[in-house]
Amino acid sequence: TDAVVTAIDTNDGTVTVTTSGSVNVAVPGTYTLTYNASDAAGNAATAVTRTVTITDVVTPVVSLSSPTASATSVSGYTLSGSVSDDGVVSELSWSLNETEQGALTLDGSGLFSLSNQKLVVGSNVIVVKAVDAGGNIGTASTTINWVPKRTLKIGTVIERQEGQKIKVPIEL
């Protein structure tokens, strides 16, 4: 039954309205409800239909488990995390410093992982974006500052110990 639907007969007054069809408010889609009524004499009213559209307004939740925001001297990393949504995630992609890097694939548990990725020298902003079937967009980002470890070789010292010549590099 639908509390806002009523039928009034000129002889019987208010009569019972029957409803066919249903709406699942948890599942986006278009639903059709049909309303009908009859008076005590069995005279049926003309059926009335109503279309109800349920839209998805819940944004996907993107979580990054690695890399975490930090400064590092290591250039390689694994991009991993998870996405949850009340519906279907239709697109999952990532970018590095505002340059699209491509699609990510979710496993059956809503997890993604992409290994052997490389940072550029300096600040690296990684953004993962998920879009669901309703067009809602969820993102997560992290910033990693890569400062490569550098070694400066300035020479070699030759030492003599017990009759042997040993070369010792001097590095800073």
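Preceding block: the structure.
Residues numbered from 1 in each chain as written. Predicted model: local features only at pLDDT ≥ 70, side-chain atom pairs only at ≥ 80, totals over all residues. Heavy atoms only, no water.

**Remarks on the overall build of the protein**
Check the secondary structure of the protein and you find zero helices and 15 strands. Looking at the protein as a whole, 26% of its 172 residues are labelled buried. Considering only contacts in the protein between residues 6 or more positions apart, those separated by 24 or more positions represent 47%. Carbon and sulfur atoms make up 51% of the accessible area of the protein, which amounts to about 11,300 Å² in all. (Helix = DSSP H or I, 4+ residues; strand = E, 2+ residues; numbered from the N terminus. Buried < 20%, exposed > 50% of the residue type's maximum accessible area, 1.4 Å probe, protein only. Contact = heavy atoms within 4.5 Å. Areas by Shrake-Rupley, 256 points an atom, 1.4 Å probe, with all protein chains shown as cover.)

**Notes on the sheet that holds strand 11 (residues 111-118)**
As summarised here, the arrangement of the three strands in space is 6-8-11, forming an open sheet in which the pairing is antiparallel. Both outer strands of the open sheet, strand 6 (61-66) and strand 11, are each paired with one neighbouring strand and no more. Pairwise comparison of adjacent strand axes, ignoring direction, gives a mean angle of 25° for this sheet. (Pairing = 2+ DSSP bridges. Axes fitted to C-alpha atoms, helices over the stretch in contact; angles between N-to-C directions.)

**Some details on unusual backbone geometry**
In most cases, non-glycine residues show a negative phi, while peptide bonds are predominantly trans. Note that the residue after Ser66, namely Pro67, is joined by a cis bond; omega there is 0°. With a phi angle near 60°, Asn116 is a residue other than glycine that sits in the positive phi range. Looking at the element boundaries, Asn116 is found in strand 11.

**Some thoughts on the nonpolar core**
Ranked by size, the top nonpolar core spans 16 residues in total, and within it Leu79, Leu92, Trp94, Leu104, Phe112, Ile126 and Val128 carry the most contacts. Those elements giving two or more residues to this core turn out to be strand 8 (76-84), strand 9 (89-96), strand 12 (122-132) and strand 13 (137-146). Not counting residues within four places of it along the chain, the set of residues in contact with Leu79 comprises Leu64, Ser66, Pro67, Trp94, Leu104, Phe112, Ser113, Leu114, Ile126 and Val128. Listed in part, the nine residues of the second largest apolar core include Tyr31, Tyr35, Ala37 and Ile54. (Core = buried A, V, L, I, M, F, W, Y, C linked by side-chain atoms within 4.5 Å.)

**With respect to the side chain of Asn136**
Structurally, Asn136 is set in the loop between strand 12 and strand 13. Looking at Asn136, the relative accessible area reads 15%, which means it is buried. Within the structure, Asn136 has its side chain in polar contact with the backbone oxygen of Asp56 (distance 2.9 Å). In terms of polar contacts, Asn136 uses its side chain to reach the backbone carbonyl oxygen of Val58, at 3.4 Å. If we ignore the near neighbours within four places in the chain, the residues touching Asn136 are Asp56, Val57, Val58, Thr59, Pro60, Ala130 and Val131. (Polar contact = N/O pair within 3.5 Å; in protein donor to acceptor, adjacent residues only side chain to side chain.)

**A few points about the sheet that holds strand 10 (residues 99-103)**
In sheet architecture, strand pairing relies on hydrogen bonds along the backbone and comes in two forms, parallel and antiparallel. The strand order across the open sheet built from five strands is 7-13-12-9-10, with neighbouring strands paired in mixed fashion. What marks the edges here is a single partner per strand, and that holds for strand 7 (70-72) and strand 10. On average, each strand axis in the sheet is inclined to that of its neighbour by 25°, with strand direction left out of account. Pairing of strand 12 with strand 13 involves 10 bridges; the strand directions are antiparallel.

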